[in-house]
Amino acid sequence: MKNFDAISHIKGKSLYIDDFSLPEGTLHALVFDSKIAHGKILSLNIEKAKLIEGVYAVITAKDIPNENQIGGIILDETLLAENEVHFIGEPIAIVVAKSLEIARKAAKEIEIEFQKLDVIIEPRDAFAKNSLIVPPIIFSSGNVNEAWKECDLVVEGSIDSGAQEHLYLETQGAISIPIEENKIKIISSTQSPTAVQKQASKVLGVPMHQIEVDVLRLGGAFGGKEDQATAWAVMSCLAAKILNKPVKLVLSREDDLRMTGKRHPYSSDYKIGLTKNGKIIAYEVTFYQNAGAVADLSTAVLERTLFHATNSYFIPNVKATGISCKTNLPPNTAFRGFGGPQGMFVIESAIVKAASLLGLSPSEIQKRNLLVDNNSFYYGQVVKNSQAVNSWVKAEEKFNCKLMLEEIQNFNNKNKLYKKGISFMPICFGISFTSSFLNQASALVHVYSDGSVGISTAAVEMGQGVNVKIASVASRIFSINVNKIKVESTNTTRVANTSPTAASSAADMNGNATLIACTTILNRLKNFAKIALSATENDVVTIVDESVLLNNQKIELTWQNLIQKAYFNRISLSAQAFYATPEVHFDRIINQGSPFAYHVYGTAITTATLDVIRGIYKIDSVKIVHDFGESLNKNVDLGQVEGALVQGIGWMTMEEIKYSEEGKLLANALSTYKIPDIYSSPENIEIVFLEKSKNKFGPLNSKAIGEPPLMYGIGAYFAILDAMKSAKPSKKFEISAPITPEKVLVSLHG
Ligand code: LUZ
Ligand code: MOS
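Every value quoted in this text rests on a predicted model; they were computed, and no experiment measured them.

A. Region of the structure containing the packing of aromatic side chains. Tallied over the entire structure, the rule returns 19 aromatic pairs. On the basis of an interplanar angle of 65 degrees and a centroid distance of 5.2 Å, the ring pair of Phe127 and Tyr288 is categorised as edge-to-face. Here Phe127 is found in helix α4 (residues 123-128), whereas its partner Tyr288 is found in strand β14 (residues 280-292), with 161 residues between them in sequence. Owing to a relative accessible area of 34%, Phe127 belongs among the partly exposed residues under this scheme. By relative accessible area, Tyr288 is classed as buried at 10%.

B. Focus on the nonpolar core. Ile272, Tyr283, Tyr717 and Met724 are the most contacted members of the largest nonpolar core, which has 105 residues in total. The leading source of residues in this core is helix α18 (residues 714-727), at 10 residues. Residues contacting Met724, with those up to four places away along its chain left out, are Leu610, Phe733, Ile735, Ile739, Val744, Ser747 and Leu748. Core analysis: the next-biggest nonpolar cluster, separate from the first, contains 41 residues, Ala174, Met235, Cys237 and Val247 among them.

C. Spatial organisation of a nonpolar patch on the surface. On the surface, a cluster of nonpolar side chains totalling about 290 Å² of accessible area is made up of Leu417, Tyr418 and Ile613. Of note, Tyr418 is situated in strand β16 (residues 418-431). Owing to a relative accessible area of 36%, Tyr418 belongs among the partly exposed residues under this scheme.

D. Quick look at the domain arrangement of the chain. Domain boundaries in the chain define domain 1 (4-117 + 167-259), domain 2 (266-434 + 588-749) and domain 3 (440-580). Distance between the C-alpha centres of domain 2 and domain 3: 39 Å. Between domain 2 and domain 3, the residue contacts involve 21 residues of the former and 21 residues of the latter. Summing the contributions of domain 2 and of domain 3, the shared interface buries around 1500 Å²; its carbon and sulfur component is 59%. Three residues, Phe433, Leu632 and Leu700, lead the burial of domain 2 against domain 3; their summed loss comes to 40% of the area buried on that side. Linking domain 2 with domain 3 are 1 salt bridge. For Asp637, the salt bridge goes to Lys469, with nearest N and O atoms at 2.6 Å. Where domain 2 meets domain 3, there are 4 residue pairs in polar contact (both at pLDDT 80 or more). Those elements giving two or more residues to the side of domain 2 that touches domain 3 turn out to be β16 and α17 (634-653).

E. Representation of the pattern of salt bridges in the model. Enumeration over the complete set of coordinates arrives at 24 salt bridges. Its salt-bridge partner being Arg258, residue Asp255 comes within 3.0 Å of it at the nearest N-O pair. Residue Asp255 and its partner Arg258 are located together in helix α8 (residues 253-259), separated by 3 residues, close to a single helical turn. Given the relative accessible area of 15%, Asp255 is considered buried. One salt bridge in this structure joins Glu734 and Lys353, with 2.9 Å as the shortest N-O distance. Separated by 381 residues along the polypeptide, Glu734 in the loop between α18 and α19 (741-749) and Lys353 in helix α10 (residues 340-358) bring together distant segments of the chain.

F. Inspection of the site of ligand 1 at higher detail. Every residue lining ligand 1 is accounted for by Glu226, Arg304, Phe338, Phe433, Thr434, Leu438, Ala502, Ala503 and Glu707. Contacts to ligand 1 include Glu226, whose side-chain N or O atom sits 2.7 Å from a nitrogen atom. If ligand 1 stood free it would expose 290 Å²; the protein chains cover 96% of that surface. Per-class residue counts for the shell around ligand 1 are 5 nonpolar, 1 polar and 3 charged.

G. Spatial organisation of the sheet that holds strand β28 (residues 617-626). The 4 strands are arranged β16-β27-β28-β29 in an open sheet whose pairing can be described as mixed. Of all the strands in the sheet, just β16 and β29 (684-689) have a single pairing partner and so form its edges. Ignoring which end each strand starts from, the neighbouring axes of this sheet average 15 degrees apart. Here β28 runs beside β29; their pairing, made up of 6 bridges, is parallel. Of the residues in β29, the one forming a bridge with Ile624 is Ile687. Strands in contact with helix α12 (residues 388-398) are β16, β27 (598-611), β28 and β29; relative to β27, the strand with the most contacts, it is inclined by about 35 degrees.

H. Broad picture of the packing of α17 against α18. Taken N-terminus to C-terminus, the directions of α17 and α18 make an angle of 50 degrees; their axes are 7 Å apart at the nearest point. Relative to α18, α17 is oriented oblique. Of α18, the residues touching α17 (which contributes Ile649, Trp651, Met652 and Thr653) are Ile714, Ala716, Tyr717 and Ile720. Residue composition of the contact of α17 with α18, by class: 7 nonpolar, 1 polar and no charged.

I. Structural context of unusual backbone geometry. Omega for the bond connecting Ala737 with Pro738 falls within 30 degrees of zero, at 5 degrees, which places this linkage in the cis form. With respect to the helices, strands and loops of the structure, Pro738 is situated in the loop between α18 and α19. Unlike most non-glycine residues, Ser479 shows phi in positive territory, near 55 degrees. For Ser479, a relative accessible area of 16% corresponds to the buried category.

J. Structural context of the sheet that holds strand β23 (residues 553-558). Overall, antiparallel pairing links the 3 strands, which are arranged β21-β22-β23 in an open sheet. Single-partner strands in this sheet number two, and they are β21 (541-544) and β23. Each neighbouring strand pair of the sheet contributes to a mean axis angle of 35 degrees, computed without reference to strand direction. With respect to the sheet, helix α16 (residues 559-568) is in contact with β21, β22 (547-550) and β23, its orientation differing from that of β23 by roughly 55 degrees.

K. Highlighting the environment of Tyr378. Its location among the elements puts Tyr378 in the loop between α11 (362-368) and α12. Excluding residues within four positions of it along the chain, Tyr378 makes contact with Phe139, Ser140, Ser141, Leu306, Phe307, Ala309, Thr310, Val318, Ala320 and Gln592. Among the polar contacts made by the side chain of Tyr378, one reaches the main-chain carbonyl oxygen of Leu306 at a distance of 2.5 Å.

So, how was this worked out
- Residues numbered from 1 in each chain as written.
- Chains lettered and ligands numbered in written order.
- Predicted model: local features only at pLDDT ≥ 70, side-chain atom pairs only at ≥ 80, totals over all residues.
- Heavy atoms only, no water.
- Phe/Tyr/Trp six-rings, centres within 6.5 Å; stacked < 30°, edge-to-face > 60°.
- Helix = DSSP H or I, 4+ residues; strand = E, 2+ residues; numbered from the N terminus.
- Buried < 20%, exposed > 50% of the residue type's maximum accessible area, 1.4 Å probe, protein only.
- Core = buried A, V, L, I, M, F, W, Y, C linked by side-chain atoms within 4.5 Å.
- Contact = heavy atoms within 4.5 Å.
- Patch = residues over 30% accessible without salt bridge, like charges linked within 9 Å, V, L, I, M, F, W, Y side chains within 5 Å.
- Areas by Shrake-Rupley, 256 points an atom, 1.4 Å probe, with all protein chains shown as cover.
- Salt bridge = Lys/Arg side-chain N within 4 Å of Asp/Glu carboxyl O.
- Domains from an automatic or database assignment.
- Buried area = accessible area lost by both parts, 1.4 Å probe.
- Polar contact = N/O pair within 3.5 Å; in protein donor to acceptor, adjacent residues only side chain to side chain.
- Near = heavy atom within 4 Å.
- Nonpolar A, V, L, I, M, F, W, Y, C, P; charged D, E, K, R; others polar.
- Pairing = 2+ DSSP bridges.
- Axes fitted to C-alpha atoms, helices over the stretch in contact; angles between N-to-C directions.
- Parallel < 35°, antiparallel > 145°, perpendicular 65-115°, else oblique.

Here it is, written out as structure tokens:
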């Protein structure tokens, strides 16, 4: 089954915020933001701007009717700055005008004076100045201090990973439309419709039922619209409320790049202890997370880093410390993987360093320490259905790993100017929101009297194909053609209290809710059919391919006729269902528990060729064995693996976010921020489905797909590093990610 959105995407017919036809009289909003990274606002003069013809309002913090506060986890984020600014791009005022051009012109007339304060860019500088979002978070098990004595090798190091811009094709935006009385409808490009509803209700001081949020689809999000779509939607809503007119607010690419947060950069220290044959005994790690100026989701991201600090390995003694450092950058935020990749990169770095000192290959250490059933993760969860060894061994066999290694060896023996490298990258990613209460979803299913079906859930379609998965669940439960099924927009009046579409779990949870709702209707239909057919207790009614069967015999009754009859007999053809992921819990006093319903596993083997003279490289191949469970849609799932892989490779190799010392974003356009294109993608990507994997937590035994494969991209960094070691065996390389060609060149020859 193809993703049914594909055709309208290709034809340009799919609608995004900027495509909606606007109600008459819609006004346009532009955000006026801080040009300095830290300072006091001494004066703000909006009078000149207001006088420009076509300007309806210049809204500042003073105009907010209720609370000037949109913090999601910690209440430290104003909608509009009041007395102080904390990063370049922080919103200060909203200019509302007849057109965007007029709003732009007016914004230039706003006069503002600052008193500059000290600017912090680096997390370790923030730590030294005790500028923290929350006190350090520590997870531990065993006793690292005792364990070092048992180790044959103890090695320490530091490693950094950089930020990453989400670069969703559709920038942030929303349209707010006043409906009669006090009600406002917000059309938003958000992963979190309920967060928009809640924060708008708080800022305006109206009950949540006065705010309706509707989300048709997003042109990409990648976590960038989990928390950070809210501000723009609330601003348009505030302007709509004040002016009683529809207001559209869509960020330009430049504004979006400057004003929104990225993946968190991390600077980390590690210490790892092993036996001489490569068994890992102890691991200690400290993560300095660059949170930016306000909390946003940073504490949750940091926790997920801690949960993934040991990746796919069993380590008996672990101490991991997470420090969320407050700096003067835009608030960094959720990004596919949500801190997990940052944690996994550090343990892989530690293993590679230890391997070279032990005279082993990294893969020998990796393979020796893979998680097996009944191990415990160091935060207490017991390992069940581990596919770590399984996917590793399958990858070795399927891709003829021995031959690959031989070929690389031969190539490197023969060539001086080019060197090849290889890496193994096992992944283990926990599925569930780590805040257990978020693991809930619901579905509202209507069967219309013509037999067609409409489904609403809490899931937001952002190009990941969740709608096609939901539709395929309904299609399989009802046994009707998928073209009879429509998945509706996500709307807070149809589905309330939606958790964000995030944590890779939307298809799992909303798919399960859909499954329950459809089963409820199906059972009603079967009971009704029995009565209509004058069947007995022991007769069995089923529906197969839109035909009703009685004791497996076809009768003259189609799905369509059955629905019509049921309607005339006043059988309810609608159902609402709720799903809460069972068994997940985590105790934040002792930092132990079982936060994840399950884990997703897989192994990637990456090869790269390095041009030794120039420092440039190409990723030759990435070969993956991935645990999909019983995939709901193989095309969609393969697309997710390929996309995530390339996005991960981009983060690790070429995407470089730089800020000046004054906190100004230097990579502020696509001419200076490079993401992988078709030329820099691996020449060969091979993805194999791990067989015979089932998952009782996913609808119809499927597994979550969104985030886990991003971490295969980490393998690219180590394949390049491996090639560098072949080029210069005596050199020690300590290279922060991304491992750009510039850094490679300087490291090889500098
Ligand atoms: N969002 C969130 C997430 O609020 N909690 C999570 O655990 C999470 N994990 C991945 C991506 N987004
Ligand atoms: Mo996310 S990083 O919004 O699952």
